[in-house]
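Okay, here's what each chain looks like letter by letter:
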Amino acid sequence: MHIFPFLRNYSNLEQSNYLIIGIPYEGYINSRLGSFKAPYYIRNYSELIETFSFYFSKSLEEINLFDLGDIFIKLDENNDKTVHNIYKNLKNVLIDIKKRYIFLGGDHSVTIATFLAIKDIFKDVAYIHLDAHADCHDKYLNQIYSHANVLRRISEHTNNIISIGVRTLDDFEKGFFFSNVINIDLANINYLKEALKNLNSKYIYLSLDIDFFDPSIAPAVSNPVYDGAHFNDFINILRILSEYMVIAFDVVEVNPFLDYPKYNTAVLAAQAIKEFIISSSIYSR
Ligand SMILES: [Mn+2]
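The structure contained in this document is the topic of the report that follows. Predicted model, so just to flag it, every value in this text is computed and none were measured. (Residues numbered from 1 in each chain as written. Predicted model: local features only at pLDDT ≥ 70, side-chain atom pairs only at ≥ 80, totals over all residues.)

### Here we look at the overall build of the protein
To keep it simple, the criterion reads: In this text, helices come from DSSP runs of H or I with a minimum length of four residues, and strands from runs of E with a minimum of two, each type numbered from the N-terminal end. Throughout, the radius of gyration refers to the C-alpha atoms, and the reference size of a globule is 2.2 Å times the residue count to the power 0.38. Buried means a residue has 20 or more other C-beta atoms within 10 Å of its own C-beta, exposed means 12 or fewer, and partly exposed covers the counts in between; C-beta atoms are placed from the backbone.
Along the protein, the regular secondary structure elements total nine helices and 10 strands. Whereas a compact globule of 285 residues would reach a radius of gyration of roughly 19 Å, the protein reaches 17 Å, a difference of no more than 12%. Principal-axis analysis of the C-alpha atoms places the extent of the protein at approximately 45 × 45 × 35 Å. Residues counted as buried form 47% of the 285 residues belonging to the protein.

### Examining the pairing of strand β10 (residues 246–252)
It is a general feature of regular strands that their side chains alternate between the two faces of the sheet. As a reminder of what qualifies: One requirement defines pairing of two strands: DSSP has to find at least two bridges between them. Note on handedness: a crossover is taken as right-handed if, strands pointing away from the viewer, the path from the first strand over the helix to the second is clockwise.
Here β10 lies mainly inside the structure; seven of its seven residues are buried. In the sheet, strand β5 (residues 100–105) pairs with β10 via four bridges, with the strands oriented parallel. In the sheet register, Phe-103 faces β10, and the bridge partner there is Asp-250. Two strands pair when backbone bridges link them, and strand β9 (residues 203–209) and β10 are joined in this way by six bridges, in the parallel orientation. Note on β10: the bridge partner recorded for Ile-204 is Val-246. Taken together, β9, helix α7 (residues 231–241) and β10 constitute a β-α-β crossover, and its handedness is right-handed.

### Remarks on the nonpolar core
How we decide: For the purposes of this analysis, a nonpolar core is taken to be any set of buried Ala, Val, Leu, Ile, Met, Phe, Trp, Tyr and Cys residues that are connected through C-beta atoms within 7 Å. In this description, a residue-residue contact is defined by the distance between C-beta atoms placed from the backbone, which must lie within 7 Å.
The biggest cluster of nonpolar side chains holds 82 residues, and the ones touching the most others in it are Ile-42, Ile-118, Ile-204, Ile-210, Val-251, Ala-269 and Ile-273. Looking at this core element by element, the count peaks at 10 residues for helix α9 (residues 264–281). Apart from the residues within four sequence positions on either side, Ala-269 is in contact with Ile-42, Ile-210, Val-251 and Val-254.

### Regarding the sheet that holds β5
Quick reminder of the rule: What counts as an axis is a line fitted to C-alpha atoms, over the stretch in contact for a helix, and the angles between N-to-C directions run from 0 to 180 degrees.
Here eight strands make up an open sheet; going across it, the order is β4-β1-β5-β10-β9-β6-β7-β8 and the pairing parallel. The sheet is open, and its two edges are formed by β4 (65–70) and β8 (182–184), each paired on a single side. Between one strand and the next, the sheet's axes are offset by a mean angle of 15°, whatever the strand orientation. Here strand β6 (residues 125–130) pairs with β9 via six bridges, running parallel. Its bridge partner lying in β9, Tyr-127 is registered against Tyr-205. Its contacts with the sheet place α9 against β1 (18–23), β4, β5, β9 and β10, and it is angled at close to 175° to β10.

### Observations concerning the packing of helix α2 (residues 79–90) against helix α3 (residues 110–122)
Stated precisely, the cut-off is as follows: The cut-offs work like this: below 35 degrees is roughly parallel, past 145 is roughly antiparallel, 65 to 115 is roughly perpendicular, and the gaps in between are oblique. The crossing is said to be left-handed when, going from far helix to near helix, the turn is anticlockwise and less than a right angle, and right-handed when the turn is clockwise. Under the scheme applied, nonpolar residues are Ala, Val, Leu, Ile, Met, Phe, Trp, Tyr, Cys and Pro; charged residues are Asp, Glu, Lys and Arg; polar residues are all the others, including Gly.
The contact between α2 and α3 brings their axes to 8 Å, and the two run at 30°. The orientation of α2 relative to α3 falls into the category roughly parallel. Crossing geometry of α2 relative to α3 is assigned as right-handed. Contact with α2, carried on its side by Val-83, Ile-86, Tyr-87 and Leu-90, involves Val-110, Ile-112, Ala-113, Thr-114, Leu-116 and Ala-117 of α3 and no other residues of that element. Split by residue class, the contact of α2 with α3 holds nine nonpolar, one polar and no charged.

### Remarks on α7
Quick note on the threshold: By arc we mean the arc of the directions from the helix axis to the C-beta atoms, nothing more.
When α7 is considered as a whole, its buried residues turn out to be Phe-234, Ile-237, Leu-238 and Leu-241. Axial view of α7: buried residues confined to an arc of 100°, hence all on one face.

### Concerning the packing of α7 against α9
Remark: α7 packs on α9, axes separated minimally by 10 Å, with the N-to-C direction vectors making an angle of 20°. The angle between the axes of α7 and α9 places the two elements in the roughly parallel class. α7 and α9 meet at a crossing whose hand is right-handed. Within the contact between the two elements, α7 uses Phe-234, Ile-235, Leu-238, Arg-239 and Leu-241 and α9 uses Ala-272, Glu-275, Phe-276 and Ser-279. Here the contact of α7 with α9 is composed, by residue class, of six nonpolar, one polar and two charged.

Here is the structure:
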């Protein structure tokens, strides 16, 4: 049941072009627990979002969305196994390659499950990582499927990876990051155009860790890093990507417990989803 469908959208499953799926899961838990609650809050605060996009001169009213609600998660004592369970479960849900998919995390570990499930059906998929962090640890606190391993695990399944906005690194991951990932600085977002020309994937998966944004606009995250992106940087990325077939998008790491009482980070996530849907719909197959 979806009590708060995203943007109060009630169109039907068959006609929908975009499917929204919540994944209320958080793996490694530190003192800043909370991202498992984000799907509920992002849906709830999406009610504040108006439908027309000034950036892309198009309305959500022209696009059919359907919110499937939250996926069932079979929890295991071992976090890696739970992420694997999410992946297996998604394979029952992601069956239609005519649709595009939007995932509401959860922490960033859910992207390992969603990317792999998407790649299983679309095959030829590049990965774009919007994040303050590189997420390139091979193992992190004995886990291989945690929020700190996302880019590293995905790199085992595609060579086409672009990272934008990384501005902090652990010594354990910097070697891998600098030698394996196309890294785009926030000051050079236009370089994305060149980087995309050299990718030869048919489809793109775009992952937005909400800490990509500056903590002044996205304060409710587990690991804030200053000197981050502003909303207009995100819009510029969407403008460039609107010439490509982006078939999946996720928003992860929104922490509602740190967002109280204004929930501005949840509102930012809902706005990012709105603009993603409208901008990506411009490119049709
Ligand atoms: Mn991340």
